[in-house]
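# Structure assessment
The chain contents come next:
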Amino acid sequence: CQLTVTTIISLALIALGGYVIAIARKDSASLAAICITAINTITPKICQLLVNKFEAHSTEGSKQASEYFKITLFRWTITALVSTIITPFPNTTANGAKYLLRGLRAIFITEMVKTPILQLLDIMGIVNRHILGPRAVDQRRMNLKFKGTYYSIGERYTDLTKVLFLTFFYAVI
């Protein structure tokens, strides 16, 4: 029952994200690609919140699997399928500002640049180690700020499979 509820909520959020992308796509393909990248960036936090608040899991593995399924469903749909759904068929192979090929190029560029840069920068890790850590009240709290950055296996795998799915989905164009 819990999995059903969180999956329905995830599907509703996917529909909302698709609507936002469709509105952005009317303006330009680049704006739609930026929206897709922004949605893909906040997706793991939303899915982790859904899984942690509304689902009970007996093991960390089942929790990670549930997160992975939801993040994958969300990212694959938002990244690849929404572009196909919102683009009229005659505009599929044409080249122009509002056509599918321009949008796909923008999606590929933003996804290839965003993920490595954000992982290399590790903004929250830098803030914790260089700003919050030295200002901690005691040694124990300072040590907590120097822990490594938490990441989810599901989130990292979906970053890879999202681009792979996008590549294979549009390989024939």
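Residues numbered from 1 in each chain as written. Predicted model: local features only at pLDDT ≥ 70, side-chain atom pairs only at ≥ 80, totals over all residues. Heavy atoms only, no water.

### Points about the overall build of the protein chain
For the protein chain, the helix and strand inventory stands at seven helices and zero strands. When the helices and strands of the protein chain are placed in sequence order, the string is α-α-α-α-α-α-α. In terms of overall dimensions, the protein chain has C-alpha extents of about 65 × 40 × 25 Å along its principal axes. A buried classification covers 35% of the 173 residues belonging to the protein chain. Once local pairs closer than 6 in sequence are excluded, the contacts in the protein chain between residues at least 24 apart make up 75%. Accessible surface for the protein chain amounts to roughly 10,300 Å². Of this, 70% is attributable to carbon and sulfur atoms. Computed over 19 positive and 9 negative side-chain charges, the inter-centroid distance for the protein chain is 4 Å. (Helix = DSSP H or I, 4+ residues; strand = E, 2+ residues; numbered from the N terminus. Buried < 20%, exposed > 50% of the residue type's maximum accessible area, 1.4 Å probe, protein only. Contact = heavy atoms within 4.5 Å. Areas by Shrake-Rupley, 256 points an atom, 1.4 Å probe, with all protein chains shown as cover. Lys, Arg positive; Asp, Glu negative; His and termini not counted. Charge placed at Lys NZ, Arg CZ, Asp CG, Glu CD.)

### Brief notes about the side chain of threonine 161
Note that threonine 161 resides in helix 7 (residues 153–169). When neighbours within four sequence positions are excluded, threonine 161 is seen to be in contact with Tyr68 and Trp76.

### Re the confidence of the model for the protein chain
In the predicted model, the protein chain carries a mean pLDDT of 87, and the fraction of residues at 70 or more is 99%. Averaged pLDDT values over the elements of the protein chain bottom out at 86 in helix 4 (residues 100–121) and peak at 93 in helix 6 (residues 139–145). (pLDDT = per-residue confidence, 0-100.)

### Structural notes on the packing of aromatic side chains
In this structure the tally under the stated criterion is three aromatic pairs. Aromatic side chains tryptophan 76 and phenylalanine 165 sit 4.3 Å apart centroid to centroid with 5 degrees between the ring planes, which places their arrangement in the stacked category. On the criterion of sequence distance, the pair formed by tryptophan 76 in helix 3 (residues 60–86) and phenylalanine 165 in helix 7 is long-range, its members being 89 residues apart. Residue tryptophan 76 is classed as partly exposed on the basis of its relative accessible area, which comes to 30%. Following the ring pairs from residue to residue traces out a cluster consisting of Trp76, Phe165, Phe169 and Tyr170. (Phe/Tyr/Trp six-rings, centres within 6.5 Å; stacked < 30°, edge-to-face > 60°.)

### Here we look at helix 2 (residues 29–54)
Helical geometry note: an α-helix holds 3.6 residues per turn, so side chains three or four residues apart project in the same direction. Over its 26 residues, helix 2 runs 36 Å from end to end, which matches the ideal 38 Å to within 8%, given 1.5 Å per residue. The largest bend along helix 2 measures about 35 degrees and falls at isoleucine 42, with the proline proline 44 one to four residues further on. (Expected span 1.5 Å × (residues − 1). Bend = angle between axes of the 7 residues up to and from the residue.)

### Describing the pattern of salt bridges
Across all of its chains, the model carries six salt bridges by this definition. Where lysine 63 meets glutamate 60, a salt bridge forms, and the shortest distance between an N and an O atom there is 3.6 Å. Of this pair, lysine 63 and glutamate 60 both sit in helix 3, three residues apart, which is roughly one turn of that helix. By relative accessible area, glutamate 60 is classed as partly exposed at 45%. A salt bridge links aspartate 159 to lysine 162, with the shortest nitrogen-to-oxygen separation between them at 3.3 Å. Here aspartate 159 and its partner lysine 162 are both found in helix 7, three residues apart, which amounts to about one turn of the helix. Via salt bridges that share partners, Arg75, Glu111, Asp159 and Lys162 belong to a single interconnected network. (Salt bridge = Lys/Arg side-chain N within 4 Å of Asp/Glu carboxyl O.)

### A word on the environment of arginine 25
Locating arginine 25 in the fold gives a position in helix 1 (residues 2–27). With relative accessibility at 8%, the residue arginine 25 sits in the buried group. With 49 residues separating them in the primary sequence, arginine 25 and phenylalanine 74 have C-alpha atoms 18 Å apart.

### What to know about the packing of helix 2 against helix 3
It is at 9 Å that the axes of helix 2 and helix 3 come closest, and there the two elements cross at 155 degrees. In this view, helix 2 runs roughly antiparallel relative to helix 3, as classed from their interaxial angle. Both helix 2 and helix 3 take part in a crossing whose hand is right-handed. In contact with Ile36, Ile39, Asn40, Thr43, Pro44, Cys47, Gln48, Val51 and Asn52 of helix 2, helix 3 contributes Lys63, Ser66, Glu67, Lys70, Ile71, Phe74, Arg75, Ile78, Thr79 and Ser83. Classifying every residue of the contact of helix 2 with helix 3 by side-chain character gives eight nonpolar, seven polar and four charged. (Axes fitted to C-alpha atoms, helices over the stretch in contact; angles between N-to-C directions. Parallel < 35°, antiparallel > 145°, perpendicular 65-115°, else oblique. Left-handed = near helix turned anticlockwise from the far one by under 90°. Nonpolar A, V, L, I, M, F, W, Y, C, P; charged D, E, K, R; others polar.)

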